[in-house]
Amino acid sequence: MLLTADAVATGRDLLRPGWIDVSGPTVTAIGGGVPTRPADRALGPVTVVPGFVDTHFHGGGGANFTAADPAQTSTAVGMHARHGTTTAVASLVTAGTDELLRQVTGLAADVRSGVIAGIHLEGPWISAQRCGAHDPALMRDPDPAEIDRLLHAGDGAIRMVTIAPERDGGIDAVRRFVDAGVVVAVGHTEASYDRTRAAIDAGATVGTHLFNAMRPIHHREPGPIVALLEDPRVTVEIIDDGVHVHPALYRHVARNAGPDRVSLITDAMAAAGMTDGPYTLGALTVEVVGGVARIAGTDTIAGSTATMDRVFRFAVENSGLSRDEAIAQAVRQASINPARALGLPVDGLVAGAPADLVVLDAELAVAGVLRRGEWVVEPA
């Protein structure tokens, strides 16, 4: 299937016009200008970008990953796929050991079947002072025996864990997970600058939703934010949805971290793609009003209702760059960088890559989604 479009952003180049040749689930060739044979599908005045990679979200379409139920996982992944997410990593909130083992075991089957690309344990080894939408009563210090049980249950499916390195045994846990081939993120943390640096030196390479649920910057104690931002080994997540961080902070991080170190995420929960009302996130009740999710009866934000097309569009519109520069930057942040940070086999639109792409109209709304060579959303 040969596709042509007025613009194709590959992650390296912006081709005007551009074409993509797809055979089954794989991109076989890509180029600019006029292709050597007639197009099977002329997409017209659109921009084609690589499929989005969301490495941090908890559900959507009314479904939660904590259910560890194939039907709910498919519902959440399917809803986000219609908004351009072609590679999904399922995030789990803090839970007791037995419950977490149940969830990991169930979701590991979805990893093996290819529905999701991995599991992210966002807790339970995080700070009660920066708990966000996690139950502080279930938080605990990392225990080597528990870690080994979870790694065994996941059987390679656990892609990332979030750890507050100031917890007793936190640095040892970083090393233990890294040795097991798991990416470690620093987040939900009250750690000092020096403790965060120690975690990075031990192998942590991601900052979980920078700024949110994280000790703020102080001029005499820079804390985790500065430590994560200044280290070239670290990729920092941003929930760029217009709720979690101010646009000026997004621009500041993008400028300072550079083109390869910012990862856009949704941190979406079950309410994504749904109407306002009550939902659950783990054991907590969440109330969504005006599209903003908060723990019921509090002002604490509880994940988001965002989808990746929304955070991509917000990133472009608030980048402070020209439109072409902004699209090129957002493509890296929404696809290439998160995949690279977690070691996923996604590297933009290049020959040999999975045939995952998103067709965006002039307003950067989704007009089509191709996943593994099959249309999830077929262009008009």
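Residues numbered from 1 in each chain as written. Predicted model: local features only at pLDDT ≥ 70, side-chain atom pairs only at ≥ 80, totals over all residues. Heavy atoms only, no water.

**Topic: the sheet that holds strand S18 (residues 277-281)**
Two orientations exist for strands paired in a sheet by backbone hydrogen bonds: parallel and antiparallel. If you trace the three strands from one edge of the open sheet to the other, you get S18-S19-S20, paired in antiparallel fashion. Because the sheet does not close on itself, it has two edges, and the strands there are S18 and strand S20 (292-295). Looking at each pair of strands side by side, their axes are set apart by 35° on average, direction ignored. Alignment of strand S19 (residues 284-289) against S20, held across four bridges, turns out to be antiparallel. Bridge assignment links Glu287 to a residue of S20, and that residue is Arg294. (Pairing = 2+ DSSP bridges. Helix = DSSP H or I, 4+ residues; strand = E, 2+ residues; numbered from the N terminus. Axes fitted to C-alpha atoms, helices over the stretch in contact; angles between N-to-C directions.)

**Focus on the packing of aromatic side chains**
Here the structure, examined in full by the defined rule, presents three aromatic pairs. On the numbers, 5.5 Å between centres and 45° between planes, the contact of Trp125 with Phe177 is tilted. Highlighted residues: Trp125 in the loop between strand S12 (118-122) and helix H3 (144-154) and Phe177 in helix H4 (residues 170-179), separated in sequence by 52 residues. Each member of the pair, Trp125 together with Phe177, is buried. (Phe/Tyr/Trp six-rings, centres within 6.5 Å; stacked < 30°, edge-to-face > 60°. Buried < 20%, exposed > 50% of the residue type's maximum accessible area, 1.4 Å probe, protein only.)

**Re helix H1 (residues 70-81)**
Spanning twelve residues, H1 covers 16 Å between terminal C-alpha atoms, matching the ideal 16 Å at 1.5 Å per step. Restricting attention to buried positions, one finds in H1 the residues Thr73, Ala76, Val77, Met79, His80 and Ala81. (Expected span 1.5 Å × (residues − 1).)

**Description of the pairing of strand S13 (residues 158-163)**
In terms of burial, S13 is largely enclosed, as five of its six residues are buried. By the bridge criterion, four bridges tie S12 to S13 in an arrangement that is parallel. Looking across to S13, one finds that Glu122 is bridged to Thr162. For the crossover that starts at S12, traverses H3 and ends in the parallel S13, the hand is right-handed. (Right-handed = clockwise from strand over helix to strand, strands pointing away.)

**What about the pattern of salt bridges?**
All chains considered together, the criterion is met by 17 salt bridges. Close ionic contact of Glu99 with Arg102 constitutes a salt bridge, the shortest N to O distance being 2.7 Å. Linking Glu99 with Arg102, this pair stays in helix H2 (residues 97-112), spanning three residues, or about one helical turn. For Glu99, a relative accessible area of 32% gives the class partly exposed. Given a relative accessible area of 39%, Arg102 falls into the partly exposed group. Residue Arg140 is joined to Glu146 by a salt bridge in which the shortest nitrogen-to-oxygen separation is 2.6 Å. (Salt bridge = Lys/Arg side-chain N within 4 Å of Asp/Glu carboxyl O.)

**Looking at the environment of Leu14**
Secondary-structure assignment places Leu14 in strand S3 (residues 14-15). Sequence-wise, Leu14 and Ile217 are 203 residues apart; in three dimensions their C-alpha atoms are separated by 37 Å. Contact partners of Leu14, with chain neighbours within four places excluded, come to Ala7, Val8, Ala9 and Asp324. (Contact = heavy atoms within 4.5 Å.)

**Things to note about unusual backbone geometry**
Backbone torsion omega between Arg16 and Pro17 reads -10°, so that peptide bond is classified as cis. In this structure, Pro17 sits in the loop between S3 and strand S4 (18-23). The omega torsion across Gly123 and Pro124 is 20°, close enough to zero to call that bond cis. Phi is positive for Ala68, close to 50°, though the residue is something other than glycine. Residue classification places Ala68 among the buried positions, given a relative accessible area of 14%. One non-glycine residue, Asp155, lies in positive phi territory at about 50°. Its location among the elements puts Asp155 in the loop between H3 and S13. We classify Asp155 as exposed; its relative accessible area is 61%.

**Observations concerning the packing of helix H8 (residues 308-317) against helix H9 (residues 323-341)**
Angle between the axes and distance between the axes: these two values describe a pair of packed helices. At a minimum axis separation of 9 Å, H8 and H9 run at an interaxial angle of 140°. On the basis of the axis angle, H8 is oblique to H9. In this structure, H8 meets H9 at a crossing whose hand is right-handed. Here Met308, Phe312, Ala315 and Val316 of H8 lie close against H9, whose contacting residues are Ala326, Ile327, Ala330, Val331, Gln333 and Ala334. (Parallel < 35°, antiparallel > 145°, perpendicular 65-115°, else oblique. Left-handed = near helix turned anticlockwise from the far one by under 90°.)

**Notes on the pairing of strand S14 (residues 183-186)**
It is a general feature of regular strands that their side chains alternate between the two faces of the sheet. Burial along S14 is two-sided: the face carrying Val183 and Ala185 and the face carrying Val184 and Val186 are both buried. Here S13 runs beside S14; their pairing, made up of four bridges, is parallel. Residue pairing for S14: Thr162 is matched across the bridge by Ala185. For the crossover that starts at S13, traverses H4 and ends in the parallel S14, the hand is right-handed. In this structure, S14 lies alongside strand S15 (residues 206-207), joined through two bridges in parallel fashion. Across the sheet, Ala185 pairs through a bridge with Val206, a residue of S15. Handedness of the crossover joining S14 and S15 through helix H5 (residues 193-202): right-handed.

**Topic: the side chain of Asp309**
Take Asp309: it is sitting in helix H8. For the buried Asp309, no salt bridge exists, and the shortest N-O distance to an oppositely charged side chain is 4.4 Å, to Arg313. Beyond its immediate chain neighbours, meaning those up to four positions away, Asp309 contacts Phe52, His83 and Val366. (Lys, Arg positive; Asp, Glu negative; His and termini not counted.)

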